[in-house]
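Secondary and tertiary structure notes
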Protein chains: 2
Amino acid sequence: MTDAPRKRRGGGRAARVALRAAPLAEELRPVRAGMTGGVYKPLSDSDIQRIHEAALNALEQIGMVNAPDSGVEILTGAGCTLGDDGRIRFPRALVMDMLAKAAKSVTLPGRDPKHDLDLSDSRVHFGTAGAAISIVDTQDGSYRDSTLQDLYDAARIVEQLEHVHFFQRPLVARDITDNLALDMNTIYASCAGTTKHIGTSFVGPQNVQPCLELLYEIAGGEAAYRARPFVSNTNCFVVPPLTFAEESCQVMELCVRAGMPVLLLSAGQAGATAPAPIASAIVQAVAECLAGVVYVNAIQPGAPAIIGTWPFVSDLRTGAMSSGSGEQALLSAASAQMHHFYGLPGGAAAGMSDSKMPDMQAGWEQAISNVMAGLSGLNMVYEAVGMHASLLGLSHESLVLGNDLLGQVQRCVRGIDVNEDTVGLDVMKAVCLGGPGHYLGHEQTLGIMQTEYIYPDMADRQSPGEWDLAGRPNLVEKARAKVSEILGRDGHQFPAELDQKLHDNFNILPLQRQV
Amino acid sequence: MTDAPRKRRGGGRAARVALRAAPLAEELRPVRAGMTGGVYKPLSDSDIQRIHEAALNALEQIGMVNAPDSGVEILTGAGCTLGDDGRIRFPRALVMDMLAKAAKSVTLPGRDPKHDLDLSDSRVHFGTAGAAISIVDTQDGSYRDSTLQDLYDAARIVEQLEHVHFFQRPLVARDITDNLALDMNTIYASCAGTTKHIGTSFVGPQNVQPCLELLYEIAGGEAAYRARPFVSNTNCFVVPPLTFAEESCQVMELCVRAGMPVLLLSAGQAGATAPAPIASAIVQAVAECLAGVVYVNAIQPGAPAIIGTWPFVSDLRTGAMSSGSGEQALLSAASAQMHHFYGLPGGAAAGMSDSKMPDMQAGWEQAISNVMAGLSGLNMVYEAVGMHASLLGLSHESLVLGNDLLGQVQRCVRGIDVNEDTVGLDVMKAVCLGGPGHYLGHEQTLGIMQTEYIYPDMADRQSPGEWDLAGRPNLVEKARAKVSEILGRDGHQFPAELDQKLHDNFNILPLQRQV
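Residues numbered from 1 in each chain as written. Chains lettered and ligands numbered in written order. Predicted model: local features only at pLDDT ≥ 70, side-chain atom pairs only at ≥ 80, totals over all residues. Heavy atoms only, no water.

As annotated in an unreviewed UniProt entry, chain A carries the name Methyltransferase and is attributed to Actibacterium pelagium. Recorded in UniProt for chain A, the comment headed Sequence similarities (unreviewed entry) runs: "Belongs to the trimethylamine methyltransferase family." (UniProt positions renumbered as here; feature names shortened; annotations may be inferred.)

Looking at the overall build of chain A
Along its length, chain A carries 19 helices and 20 strands. A compact globule built from 515 residues would reach a C-alpha radius of gyration of about 24 Å, and chain A, at 24 Å, matches this within 12%. In terms of its C-alpha atoms, chain A occupies a principal-axis envelope of roughly 85 × 55 × 45 Å. Counting only residues that meet the buried cut, chain A has 66% of its 515 residues in that class. If you take every contact in chain A between residues at least 6 apart in sequence, the share linking residues at least 24 apart comes to 76%. Of the roughly 16,000 Å² of accessible surface on chain A, a fraction of 49% belongs to carbon and sulfur atoms. Of the side-chain charges in chain A, 40 are positive and 57 negative, and the distance between the mean point of each set is 7 Å. (Helix = DSSP H or I, 4+ residues; strand = E, 2+ residues; numbered from the N terminus. Rg over C-alpha atoms; globule rule 2.2 N^0.38 Å. Buried < 20%, exposed > 50% of the residue type's maximum accessible area, 1.4 Å probe, protein only. Contact = heavy atoms within 4.5 Å. Areas by Shrake-Rupley, 256 points an atom, 1.4 Å probe, with all protein chains shown as cover. Lys, Arg positive; Asp, Glu negative; His and termini not counted. Charge placed at Lys NZ, Arg CZ, Asp CG, Glu CD.)

Section: the environment of A:I48
Residues and elements named next belong to chain A. Tracing the backbone shows I48 in helix α2 (residues 45–61). In sequence terms I48 and A279 are 231 residues apart; their C-alpha atoms lie 9.7 Å from each other. Beyond its immediate chain neighbours, meaning those up to four positions away, I48 contacts L43, Q337, M338 and F341.

Brief notes about the packing of helix α5 (residues 148–159) of chain B against helix α13 (residues 396–414) of chain B
Residue and element names in this part refer to chain B. Axis separation between α5 and α13 bottoms out at 10 Å; the angle between their running directions is 15°. With respect to α13, the axis of α5 lies roughly parallel. For the crossing formed where α5 meets α13, the hand is right-handed. The segment α5 lies against α13, with D150, D153, A154, I157 and V158 engaging H396, L399 and V400. Among the residues forming the contact of α5 with α13, the class breakdown is five nonpolar, one polar and two charged. (Axes fitted to C-alpha atoms, helices over the stretch in contact; angles between N-to-C directions. Parallel < 35°, antiparallel > 145°, perpendicular 65-115°, else oblique. Left-handed = near helix turned anticlockwise from the far one by under 90°. Nonpolar A, V, L, I, M, F, W, Y, C, P; charged D, E, K, R; others polar.)

Some details on the relation of the copies chain A and chain B
Each copy of the sequence occupies a distinct position, and chain A is placed on chain B by a rotation of 180° and an axial shift of 0.0 Å, giving an RMSD of 0.0 Å. As the rotation angle and translation indicate, the two copies are arranged about a two-fold axis. A symmetric contact is evident, with 99% of the interface residues of chain A recurring at the interface of chain B. (Least-squares fit on C-alpha atoms with pLDDT ≥ 70 in both.)

Section: the sheet that holds strand β20 (residues 393–394) of chain B
All names here are of chain B. In space, the four strands of this open sheet follow the order β9-β8-β20-β19, with mixed pairing throughout. The open sheet has two free edges, formed respectively by β9 (143–145) and β19 (387–388), since each of these has just one partner strand. Here three bridges tie strand β8 (residues 134–136) to β9, and the two strands are oriented antiparallel to one another. Across the sheet, residue S134 finds its bridge partner in β9, namely D145. (Pairing = 2+ DSSP bridges.)

Some words on the packing of aromatic side chains
Residue and element names in this part refer to chain A. For the structure on display, the rule yields 18 aromatic pairs over all chains. Between Y216 and Y225, the ring centres sit 6.0 Å apart and the planes meet at 55°, which makes this aromatic pair tilted. The pair formed by Y216 and Y225 is uniform in burial state, with each residue classed as buried. With a centroid separation of 5.0 Å and an interplanar angle of 70°, the aromatic rings of F341 and Y342 are classed as edge-to-face. Judged by relative accessible area, which is 35%, F341 ranks as partly exposed. Members of the aromatic cluster, joined through ring pairs, are F166, W310, F312 and Y382. (Phe/Tyr/Trp six-rings, centres within 6.5 Å; stacked < 30°, edge-to-face > 60°.)

Topic: the interface of chain A and chain B
Each partner contributes residues to the interface: chain A has 149 residues there, and chain B has 147 residues. Both sides together, the interface formed by chain A and chain B hides about 12,300 Å², and carbon and sulfur atoms give 66% of it. For the interface between chain A and chain B, the tally reads ten salt bridges. In terms of residue count, the dominant contributor to the side of chain A that touches chain B is helix α12 (residues 360–376) of chain A (twelve residues). Grouping the constituent residues of the side of chain A that touches chain B by class yields 80 nonpolar, 37 polar and 32 charged. (Buried area = accessible area lost by both parts, 1.4 Å probe. Salt bridge = Lys/Arg side-chain N within 4 Å of Asp/Glu carboxyl O.)

Overview of the packing of helix α3 (residues 69–78) of chain B against helix α9 (residues 246–257) of chain B
All names here are of chain B. It is the contact of α3 with α9, at a shortest axis distance of 9 Å, that shows an interaxial angle of 60°. By the angle between their axes, α3 is oblique relative to α9. For the crossing formed where α3 meets α9, the hand is left-handed. Two secondary-structure elements touch here, α3 through S70, G71 and I74 and α9 through Q250, E253 and R257.

Focus: unusual backbone geometry
Residue and element names in this part refer to chain A. Between G130 and A131 the backbone carries a cis peptide bond, its omega angle lying at 0°. Position of A131 relative to the elements: it lies in the loop between β7 (123–128) and β8 (134–136). Note that the residue after P240, namely P241, is joined by a cis bond; omega there is 5°. Its location among the elements puts P241 in the loop between β12 (231–235) and α9 (246–257). Non-glycine residue E383 carries a positive phi angle of around 65°. For E383, the location among the structural elements is in the loop between β18 (380–382) and β19 (387–388). Of note in this structure, L391 is not a glycine but carries a positive phi near 85°. The topology assignment puts L391 in the loop between β19 and β20 (393–394).

Some points on the side chain of A:R411
Assignment of secondary structure puts A:R411 in helix α13 (residues 396–414). Residue class for A:R411 comes out buried when judged on its relative accessible area of 2%. Of the polar contacts made by the side chain of A:R411, one reaches the backbone oxygen of A:E452; its length is 2.7 Å. If we skip the residues at most four places from it in the chain, A:R411 touches A:V31, A:E452, A:I454, B:I278, B:G326, B:E327 and B:L330. (Polar contact = N/O pair within 3.5 Å; in protein donor to acceptor, adjacent residues only side chain to side chain.)

Things to note about a negative patch on the surface
Residue and element names in this part refer to chain A. Negative charge collects at one region of the surface, where D69, E73, E246 and E247 lie side by side. Elements that contribute at least two residues to the negative patch include exactly α3 (69–78) and α9. Turning to its location among the elements, D69 is positioned in helix α3. (Patch = residues over 30% accessible without salt bridge, like charges linked within 9 Å, V, L, I, M, F, W, Y side chains within 5 Å.)

A look at helix α7 (residues 208–219) of chain A
Residue and element names in this part refer to chain A. Over its twelve residues, α7 extends 16 Å from the first C-alpha to the last, a length consistent with the 16 Å expected when each residue adds 1.5 Å. On its buried side, α7 packs onto α6 (179–193), α8 (222–227), β12, α9 and α19 (496–505). The positive-phi residue at the C-terminal boundary of α7 is G220, with phi of around 90°. (Expected span 1.5 Å × (residues − 1).)

Some points on the sheet that holds strand β3 (residues 81–82) of chain B
All names here are of chain B. Pairing within the open sheet is antiparallel, and its three strands lie in the order β2-β4-β3. Of all the strands in the sheet, just β2 (64–65) and β3 have a single pairing partner and so form its edges. As defined by bridge partners, β2 adjoins strand β4 (residues 87–89) across two bridges and the pair is classed as antiparallel. Bridge pairing in β4 places M64 opposite I88.

The following block contains the structure:
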């Protein structure tokens with residue numbers, strides 16, 4: 001009479017639990033960085049074409065204002081026009097030419113090559129991004145100013161998380177008042193904490209060269225850095241609508257020339273700095289990012305760049321961001337389709353929550369947009385873990401919980417294997433025709449339990465009775481214990497000699513290696 | 001230098017909040033029951049074809065065992081063969097013939113016609129299902145036996161929830177020991193609590209006729225019930241693998257003859273009662289449901305039936321259900337594609353959580369499978385709200401929270417409107433070329449703020465400062481207050497005269513109308 005089976009069989013359970021406890025060889029893991037998405041398509045082909053046409057029209061008819069002098073020179077040199085109204089307009093033929101020259105497949109290296117990110121096709125990667133100004137205290141719900149130590153700790157946590165593939169600096173070290181010290185120590189703390197690919201930004205163009213010096217020292221020379229640029233530049237080169245951010249453009253020019261990959265980030269907010277209709281917000285973001293493509297490729301054809309159509313969304317009642325909304329999930333998934341249309345590596349934001357705490361709201365908000373981004377085949381899913389209060393707060397516990405969430409999301413991205421093994425009837429016949437009448441102990445079942453099923457670290461699958469016996473463990477407390485465990489270990493990622501050199505030659509601020 | 005805009009503008013905020021507070025006319029609402037999904041396709045066309053072929057082969061070569069005598073007569077009469085091994089085998093031509101006869105578009109009526117569910121094409125509806133045996137106390141995490149009053153209360157809550165479109169009885173009233181009283185009062189309490197479509201099951205065939213009498217009394221006669229069968233039968237006619245459930249089949253025969261729509265439910269558990277590979281579990285579920293289609297249409301061609309491929313999934317380490325897993329989300333979304341392939345109304349389970357509490361885990365588990373089910377165009381998304389501990393527990397608070405979650409999911413199902421209004425450049429030009437440089441107060445923004453954006457009831461979008469000032473409201477406590485508010489009102493859905501008649505003529509147990 002019940003609708004659902006809930007038999008819990010015995011039979012080798014201890015053996016199976018033990019089997020799973022042993023770490024899986026890399027190639028056998030059910031999920032990994034760079035799995036291929038793209039089976040979810042919110043836009044039709046003609047929708048995509050219309051958005052593309054509208055973006056070209058916007059660049060040709062409205063254009064962009066406020067380029068720095070250097071940018072005006074670069075862009076007009078490439079074929080743009082500068083109008084009497086100060087706006088730079090982009091002939092559509094120029095845009096198409098530059099799209100043809102643009103880098104189609106970019107690899108973002110990790111400092112450890114096992115963390116390299118291949119941004120070709122619809123390969124999906126999840127990671128952090130910024131820039132929170134607060135740390136969430138998940139015990140009492142208070143928000144305090146974020147510090148350099150928090151950044152280092154976040155990097156050390158991400159280093160341990162299987163399903164978080166890159167570390168774009170998620171918070172601002174507000175205890176550093178000097179701008180150069182801020183940019184340098186952001187890089188130092190990130191690299192010291194994790195060997196995954198790092199994204200960072202610069203306060204102004206004056207900081208780029210000194211930070212490059214630091215990166216060269218870490219890499220073992222300029223050539224080594226250029227060969228494997230393990231730190232890229234997150235660049236808000238536009239202040240939507242259709243306005244260049246002068247200083248960020250200057251930073252971008254320097255980064256492109258230094259061989260540093262750039263994320264061309266257009267972060268409009270639908271209903272505020274971007275049009276309210278979802279499609280229209282995408283049009284504007286695409287137009288702005290195409291302007292960036294022209295800009296970058298006019299400096300250096302084929303320079304590594306990621307188009308970052310990051311349309312955010314407003315709660316139109318208040319104008320506040322609603323980063324955990326369904327509208328946001330659609331914006332980011334549709335962005336991925338536009339990236340695929342251009343054949344360019346792309347990224348957008350997903351996984352953000354408006355909730356102040358890692359609660360049920362945070363769970364559904366982070367899940368909806370992350371799974372849609374993954375299924376759409378977004379190359380770089382930024383903000384995928386840890387972000388609360390519409391990006392104002394980072395929670396270390398939420399990083400750990402979000403890793404679990406992303407494991408399930410990635411299982412969904414991996415999809416369903418349909419092949420002779422999975423649609424052949426041999427096993428079904430053996431079980432049903434004179435067999436045991438169930439599949440639990442079958443060789444096929446045991447054979448795929450590790451390679452096709454993913455098991456959570458944090459999520460609880462116990463029965464109510466088992467859970468009760470275990471003392472009704474609280475999810476967030478479990479995450480807190482995991483964070484303490486990670487931060488209690490020394491996870492510094494620089495060899496002592498190199499670390500000493502960095503301290504000798506740069507203004508490196510003190511960090512606690514075990515908290 | 002920050003990655004994200006976080007400007008919070010003033011300007012008419014109070015007016016916009018007030019505007020939104022007024023209820024929207026039905027036709028203007030951004031989302032509604034029965035929106036069209038189907039843009040997410042985990043299976044390719046050839047995958048679908050292979051699964052279909054394998055299911056036909058399974059029915060032809062392995063067949064089904066354990067049909068009741070009446071079923072053997074019906075099925076062999078239609079063209080099946082009964083083997084020496086007691087198994088009924090289905091020639092593929094017979095299956096294809098019966099598919100051609102099967103009802104393609106079914107409407108499940110609500111007792112109030114505004115809640116009618118049109119199950120054609122890829123129209124999506126979300127609702128509850130069962131059958132929990134416990135109620136979750138969200139204050140201390142304890143689980144207690146569920147009662148008839150809990151069922152009535154759940155129905156009264158669902159009646160108030162915009163995004164929950166039907167009420168399949170989500171729990172077992174464990175305080176009723178008599179089986180007939182259980183089935184009758186389950187129907188009474190459900191109908192008394194909500195005017196939405198109701199799904200229920202019967203303990204055995206002996207209960208069907210007495211319960212039909214109750215339904216006729218509620219409807220105003222047998223003809224009235226047959227014209228609008230507002231209660232349908234959830235029927236676990238198989239005990240996978242490939243085994244009929246005798247008594248449930250007898251129930252099904254009676255329901256089909258009474259004009260009651262049936263949900264043909266195959267609830268295998270991948271790795272236990274169904275094969276462990278995802279594709280293989282789908283093959284078995286499809287085979288079992290096709291057997292049901294033959295059975296139903298052999299009784300009465302075109303009888304309203306929903307194919308309920310509900311493959312669940314095991315945690316293969318323990319054999320326990322992992323209803324909140326990514327594997328589960330894939331199983332249900334792929335099921336929807338198979339329903340579309342056959343052109344039959346279909347349903348599957350999504351939105352379940354393994355967590356014992358409405359916490360972050362519950363949020364992500366419920367969200368991932370619900371959004372994938374919705375985007376895949378599943379007609380009936382069962383178990384979509386309120387279910388915890390792998391279906392063992394129902395939480396009233398979680399119903400209210402899940403409604404919010406489903407609002408966002410439905411916004412995603414609605415998708416992106418690409419048309420001349422949304423890709424035309426008039427507004428962008430007006431804003432950028434001599435205009436205010438932002439979209440916040442623009443007519444277009446105000447025009448769509450109610451019709452294209454959805455606003456949460458429970459989810460919190462305040463800034464940390466505002467949230468702090470508000471006393472750091474806890475999400476689950478907020479849901480508890482909402483539940484109290486709903487249950488504190490008299491929401492009985494029977495007029496007094498009818499209610500009296502029902503009490504006079506049937507064994508109706510007492511319920512508290514306000515708690």
